[in-house]
Amino acid sequence: MERFSWWQKGIIYQVYPRSYQDSNGDGIGDLAGIHQRLDYIQSLNVDAIWLSPIYPSPMHDFGYDVADYCDINPIFGSMDDFDALQEDIHARGLKLILDLVPNHSSNEHPWFVESRSSRDNPKRDWYIWRDPGLDGGPPNNWLSFFGGPAWTYDEHTGQYYLHQFVTQQPELNYRHPDVLPAMLDNMRFWLGKGVDGFRVDVIWLMLKDELLRNEPPNPGWGGVKPFESLQHIHTQNLSGVHDLIKQMRAVLDEYNDRMMVGEIYLPNQDLVKYYGARRADGSFDECHLPFNFQLLQMEWDAQTVQDAVDAYEAVLPEGAWPNWVLGNHDKHRVATRIGQAQARVANMLILTLRGTPTTYYGEEIGMENVSIPLEFVQDPPAVNQPEIAHIVGRDPIRTPMQWNNSSNAGFTEESIVPWLPLAADYQDRNVEQQEKEPTSMLGLYRALTGLRRSEPALAVGDYVSVGTNAANVFAYQRSAAGVDSFLIVLNFGEQSHTLDLSQIASQATIAVATDMQRSGVVDLSNLVLGPNEGLVLIRYK
Ligand code: NOJ
């Protein structure tokens, strides 16, 4: 295991700071709150904490609109709170990953304030400004992910500026020679303070077509999300973006053992290019991990998932390290997408696959989407597009962590109104409750993470899928030289199955079962798998 880095053998746990723990009674989570919960995070056997943005921000996109890249938002605390949190994280042998948002800043960032002040300001071209189109409208047909055009007109200087998210998130112009160096300095600021890495927001969007050509219509558009009505060939995945990422990687390489995980939604063949080129020492020269979001968006059946895992394994460049994600602050929660029983199977899957797993806070207790009353809806894509809010709104997946059954679930003081409402079921589904139940989702999560940490074959071993004679069952082996191998068998459906896996061995021992009850030795020629059941099997004979 020694030759593997923490970001390869470890598990990443994503905390959405607004929603984890409020320590000062304002209904919004903060750094001191996260600090109070470090015992819990450590008890999950995870290795790194990724914090969504904690920088000063007017919060038009809940922190993804950064007004100062090198400070802490007072909503979340002070730089002292940050230092204390980081010190404790490191003292526990954990790592800290910050969110870096280089594609756009807030319109309140001093760079943009200067840029918009006049057409001849030296920072004018740090952002993407253009004259109106011939009809006086936006310069081209580009769209915002959050609804409407990607351009906003600025009365003061008579030009439009580009923003692919909310209008308060102007896009930085990485064709200007001074912009990337400035962003690299922001990285150095945090790396110098000891941060272990960055999750880089929309890294694949950082460069745009220089000629600002219109994007062609998308013939496959389903008619639901307007943003998908175009093919984003001039705003996404431009080849020049790789050069920017190489320079970011070079900064990380100035420090010891740091990493960057890039947010990228692309098909495999494009995604894997974001590892960059392999160097003589075996490392790559772009992202350590380009996020692999396939499990977030696919049909949930054994064949589809197995095909996806096999295809991804096959397309990975030699030596590139895989990763898997079940949820994040942008996508519907896994337990809502596939149900509680399958959410157990899903946790067993990502905690036993080859590659770094990322857990979104609350997945370990099966938190679900929370339906948000109209007066609480705050997320811009939902506010801007009320007719599709139930599809694009992200408030439902960002609700307060469910710690216990007191009012406000232990997230904030009982008299306070939390920034988003709590799940209706929080009194049954919370950490304290699940700690009392050995068969809970939390119990399962800890059993799986504990096993992954102690077993090299699970943490870093090889993966190979295994054919079974049953529909809707996915089986695979994980093995490494000189240590115990594992056979994982997952039933994605409601039917039970009797499997013949005697080609592998005659018997095996259950290491973890999704129901947290089944144990003992099983006969592999006649293995009965119950509905929604998953087994991690060890020491086969
Ligand atoms: C991706 C982030 O994950 C999302 O939450 C944010 O709204 C956009 N990027 C814009 O920064």
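Residues numbered from 1 in each chain as written. Predicted model: local features only at pLDDT ≥ 70, side-chain atom pairs only at ≥ 80, totals over all residues. Heavy atoms only, no water.

Description of the packing of helix 6 (residues 179-193) against helix 7 (residues 241-252)
Test applied: Angles shown run from 0 to 180 degrees and are taken between the N-to-C directions of axes, each axis being a line fitted to C-alpha atoms and, for helices, limited to the stretch in contact. Strands here are runs of E lasting at least two residues and helices are runs of H or I lasting at least four, both read from the DSSP assignment and numbered beginning at the N terminus. When an angle is under 35 degrees it counts as roughly parallel; over 145 it counts as roughly antiparallel; between 65 and 115 it counts as roughly perpendicular; any other value is oblique. It is the rotation of the near helix from the far one that decides the hand of a crossing: anticlockwise by less than a right angle makes it left-handed, clockwise makes it right-handed. Between two residues, a contact is recorded if the distance between any of their heavy atoms is within 4.5 Å.
Closest axis-to-axis distance for the helix 6/helix 7 pair is 10 Å, and the angle between their directions is 30°. Considered as vectors, helix 6 and helix 7 are oriented roughly parallel to each other. Note on packing geometry: the crossing formed by helix 6 with helix 7 is right-handed. Across the interface between the two elements, L180, L184, M187, R188 and L191 from helix 6 touch L244, Q247, M248, V251 and L252 from helix 7.

So, the site of the ligand
Quick note on the threshold: Proximity criterion: a residue is near a molecule or strand once any of its heavy atoms comes within 4 Å of it. We call two N or O atoms a polar contact when they sit within 3.5 Å, provided that within protein one can donate a hydrogen and the other can accept it, with sequence-adjacent residues counted only if both atoms are side-chain atoms. We get accessible surface area from the Shrake-Rupley algorithm with a probe of 1.4 Å; when it comes to residues, only the shown protein chains can shield them. Site definitions follow a grid-based scheme: protein atoms alone, a 1 Å grid, a 1.4 Å probe that fits but cannot get out for cavities, and for pockets an open set with protein on both sides within 12 Å along at least five of seven lines, plus lining residues having an atom within 4 Å of a point. More than half of a molecule's atoms lying within 2 Å of a cavity's or pocket's grid points is what places that molecule inside it. In the scheme used here, Gly and all other residues not listed as nonpolar or charged are polar, with Ala, Val, Leu, Ile, Met, Phe, Trp, Tyr, Cys and Pro taken as nonpolar and Asp, Glu, Lys and Arg as charged.
Close contacts around the ligand come from 14 residues, with D61, H104, D201, H329 and D330 the closest. Within the side chain of H104, one N or O atom sits 2.9 Å away from an oxygen atom of the ligand. Separating an oxygen atom of the ligand from a side-chain N or O atom of R394 is a distance of 2.9 Å. Protein contact buries 97% of the 290 Å² of open area that the ligand shows by itself. More than half of the atoms belonging to the ligand lie within 2 Å of the grid points that define the largest pocket. Tallied by class, the residues present in the shell around the ligand amount to four nonpolar, three polar and seven charged.

Some words on helix 7
Quick note on the threshold: Here the expected length of a helix is defined as 1.5 Å per residue gap, with one fewer gap than residues. For each residue, the accessible area found with a 1.4 Å probe, counting protein chains only, is set against the maximum for its type, and the residue is called buried under 20%, exposed over 50%, and partly exposed in between. Of all possible arcs, the one meant is that of the directions from the helix axis to the C-beta atoms.
In a regular helix each residue adds 1.5 Å, so twelve residues correspond to 16 Å; helix 7 covers 17 Å between its end C-alpha atoms and thus fits that length. Listed in full, the buried residues belonging to helix 7 are V241, H242, L244, I245, M248, R249, V251 and L252. Within helix 7, the buried residues cover an arc of 165° as seen down the axis, which keeps them to one side.

Section: the domain arrangement of the chain
Rules: Each domain's limits were defined by an automated method or a database of domain assignments. For any pair of parts, buried area is found by adding up, for both, the accessible area (1.4 Å probe) each one loses once the two are put together. Take a side-chain nitrogen of Lys or Arg and a carboxyl oxygen of Asp or Glu: if they are within 4 Å of each other, that pair is a salt bridge.
Along its sequence, the chain is carved into domain 1 (6-104 + 177-205 + 236-444), domain 2 (110-162) and domain 3 (462-538). Each of domain 1 and domain 3 has a C-alpha centre, and the two are 30 Å apart. At the interface, 22 residues of domain 1 touch 23 residues of domain 3. Between domain 1 and domain 3, a total of about 1,800 Å² is buried, with carbon and sulfur atoms accounting for 67% of that surface. Sorting the residues of domain 1 by area buried against domain 3 places A302, M348 and T352 first, and these three jointly supply 28% of that buried surface. The interface formed by domain 1 and domain 3 includes zero salt bridges. Counting across the domain 1 and domain 3 interface gives ten residue pairs in polar contact (both at pLDDT 80 or more). Of all the secondary structure elements, the ones that give two or more residues to the side of domain 1 that touches domain 3 are helix 10 (302-315), helix 12 (340-350) and helix 16 (441-454). When the residues that make up the side of domain 1 that touches domain 3 are grouped by side-chain class, the tally is eleven nonpolar, six polar and five charged.

A few points about unusual backbone geometry
Of note in this structure, N237 is not a glycine but carries a positive phi near 55°. For N237, the position within the fold is in the loop between strand 7 (197-200) and helix 7. Residue N237 is classed as partly exposed on the basis of its relative accessible area of 25%. Backbone geometry at R539 places phi at a positive 45°, although glycine is not the residue there. Relative to the helices and strands, R539 is located in the segment after strand 19 (534-538).

Some thoughts on the packing of aromatic side chains
We count it as follows: Whether two aromatic rings pair depends on their centres lying within 6.5 Å, for rings of Phe, Tyr and Trp, where Trp uses its six-membered ring; planes under 30 degrees apart make the pair stacked, over 60 edge-to-face, and the rest tilted. In this analysis the charged atom, NZ for Lys or CZ for Arg, is taken to sit over a ring once it is within 6 Å of the ring centre and within 35 degrees of the ring normal.
Within this structure, the stated rule accounts for 31 aromatic pairs. Each ring, one from Y20 and one from Y361, has its centre 6.1 Å from the other, and the planes form 85°; the classification is edge-to-face. Here Y20, found in the loop between strand 1 (12-15) and helix 2 (31-36), pairs with Y361, found in the loop between strand 11 (356-360) and helix 13 (380-384); they are 341 residues apart in sequence, far enough to count as distant. We note that Y20, like Y361, is buried. Ring-pair connections join several aromatic residues into one group, and the members of that group are Y13, Y20, Y40, Y360, Y361 and W403. Across from the ring centre of W403, 3.8 Å away, lies the NZ or CZ of R37, which sits over that ring.

Remarks on the pattern of salt bridges
Opposite charge on two side chains lets them pair, provided their charged atoms get close. Inspection of the entire model under this criterion finds 32 salt bridges. We note a salt bridge from D285 to K246, for which the minimum N-O separation is 3.2 Å. Pair noted here: D285 is in the loop between helix 8 (268-271) and strand 9 (289-290) and K246 is in helix 7, with a separation of 39 residues, a long-range link. Note on D285: relative accessible area 16%, which makes it buried. Given a relative accessible area of 30%, K246 falls into the partly exposed group. Residue R394 is joined to D379 by a salt bridge in which the shortest nitrogen-to-oxygen separation is 2.8 Å. Placement of the pair is R394 in the loop between helix 14 (389-392) and helix 15 (431-436) and D379 in the loop between strand 11 and helix 13, with a sequence separation of 15 residues. Overall, the relative accessible area of 8% leaves R394 in the buried class. Its relative accessible area of 0% is what places D379 among the buried residues. Among the ionic contacts, a cluster of salt bridges with common partners joins D61, D330, D379, R394 and R398.

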